[in-house]
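Listed below are the residues making up each chain.
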Amino acid sequence: MWIPSWVSFWAADQNLYRAIHIGLHREFLDRLMLLLTYTGDGHIQIPVLLGLVAWPKTRRAGYALAAGYLLSGGLRLLVKDWVSRPRPTNFEWSRPLTWPGGLPGGADGWLSRTFDVVPFGDSSFPSGHSTTSFAIAFMAAWLVYRTENGWIGWVACLWATLVGFSRVYIGVHYPGDVVGGAALAGLCTSAVYLLWVNRGWLPGSPARHASPEPDGAQ
């Protein structure tokens with residue numbers, strides 16, 4: 001039955017969240033997890049993507065990465081608004097992290113807004129940080145697939161996984177939010193990659209400016 005299955009998923013997701021957020025909490029990991037989660041923020045990702053697009057040697061790859069990022073990020077906003085799942089920070093026993101000891105610039109400073117604002121409300125599924133991080137990682141993996149740089153894809157996917165884990169550890173997302181973000185990113189980046197293959201826009205392939213004329217055309 002669908003309802004018991006949904007209830008079971010909800011209970012498992014909540015229990016796993018608690019096991020990671022509370023059970024695995026260690027003070028020495030707090031700053032590391034906050035830094036990891038920050039690498040999944042647009043403040044870091046967007047400048048990196050713009051840099052790749054601006055540099056001629058990485059421009060084609062940069063366009064593909066940016067397209068996957070924008071499609072995944074845009075769709076997750078629609079899904080998040082539609083699902084409207086309350087964040088786990090609403091639990092009384094949750095202990096969402098802020099940067100230990102405060103940050104330069106005070107509570108209204110840029111660093112504090114990035115690290116110390118604890119999100120509540122109905123905006124949990126899917127995880128935005130996880131969606132965009134996996135979008136970058138999956139597209140990078142597609143771009144280096146079966147090349148001598150294939151290891152880049154594995155490193156990128158490991159990074160995205162750690163970003164997703166950090167979202168659960170610091171207390172702002174369920175594991176299911178991370179998995180949902182990864183799944184959405186996988187669908188979007190695969191679609192973008194197939195488009196890039198079809199259009200000849202991949203690095204090292206000739207760009208298609210016009211369709212070839214059929215044999216015998218004058």
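This text follows the structure it describes.
About the criteria used
- One numbering rule holds for all chains: residues counted from 1, following each sequence as written.
- It should be noted that, the model being predicted, local features are given only for residues of pLDDT at least 70 and side-chain atom pairs only at 80 or more, the latter also being counted only at that level, while totals for whole chains, interfaces and linings use all residues.
- The basis for the side-chain values is all heavy atoms of the structure; hydrogens and waters are excluded.
- The way it works is that DSSP assigns letters per residue, a run of H or I at least four long becomes a helix, a run of E at least two long becomes a strand, and they are numbered from the N terminus.
- Should any heavy atoms of two residues lie within 4.5 Å, those residues are considered in contact.
- Here, the term nonpolar core denotes a set of buried Ala, Val, Leu, Ile, Met, Phe, Trp, Tyr and Cys residues that are joined through side-chain atoms within 4.5 Å.
- Classification of residues uses two cut-offs on accessible area relative to the type maximum, computed with a 1.4 Å probe and protein chains only: under 20% is buried, over 50% is exposed, and between them is partly exposed.
- Salt bridges, as used here, are contacts in which a Lys or Arg side-chain nitrogen is within 4 Å of a carboxyl oxygen on Asp or Glu.
- Ring pairs shown here join Phe, Tyr and Trp side chains whose ring centres sit within 6.5 Å, with only the six-membered ring taken for Trp; geometry is labelled stacked below 30 degrees between planes, edge-to-face above 60, and tilted in between.

Visitor: What am I meant to see in the environment of Val79 here?
Guide: Residue placement: Val79 occurs in helix H4 (residues 59-83). Here the alpha-carbon distance between Val79 and Phe125, two residues 46 residues apart in the chain, equals 7.4 Å. Sequence-distant contacts of Val79, defined by excluding residues within four places in its chain, comprise Phe125 and Pro126.

Visitor: Help me out: how do you make sense of the nonpolar core in this one?
Guide: For soluble globular proteins, nonpolar side chains are generally found buried alongside one another. Counting residues in each nonpolar core, the largest one holds 33 residues, and the members touching the most others are Leu65, Phe134, Met139, Tyr169 and Ile170. Those residues in contact with Phe134, other than ones at most four positions away along the chain, are Cys157, Ala160, Thr161, Val178, Ala182 and Ala185.

Visitor: What is the right way to look at the pattern of salt bridges in this model?
Guide: Opposite charge on two side chains permits pairing when their charged atoms draw close. Applying the stated criterion across every chain, the model contains two salt bridges. Where Asp13 meets Arg85, a salt bridge forms, and the shortest distance between an N and an O atom there is 2.8 Å. Placement of Asp13 in helix H1 (residues 2-23) and of Arg85 in the loop between H4 and helix H5 (110-115) is noted, with a sequence separation of 72 residues between them. A salt bridge links Asp177 to Arg85; its shortest N-O distance comes to 2.8 Å. Taken together, the residues span a long stretch of sequence, with Asp177 in helix H8 (residues 175-199) and Arg85 in the loop between H4 and H5 at a distance of 92 residues. If you follow the salt bridges from partner to partner, you end up with Asp13, Arg85 and Asp177 in one network.

Visitor: Explain the packing of aromatic side chains here, please?
Guide: To describe a pair of aromatic rings, one takes the distance between the centres and the angle between the planes. Using the criterion set out here, one finds ten aromatic pairs in the structure. With 6.3 Å between their ring centres and 85° between their planes, Phe91 and Tyr174 make a pair best called edge-to-face. Here Phe91 is found in the loop between H4 and H5, whereas its partner Tyr174 is found in the loop between helix H7 (151-169) and H8, with 83 residues between them in sequence. Measuring from ring centre to ring centre gives 4.9 Å for Trp196 and Trp201, while their planes differ by 85°; the resulting arrangement is edge-to-face.

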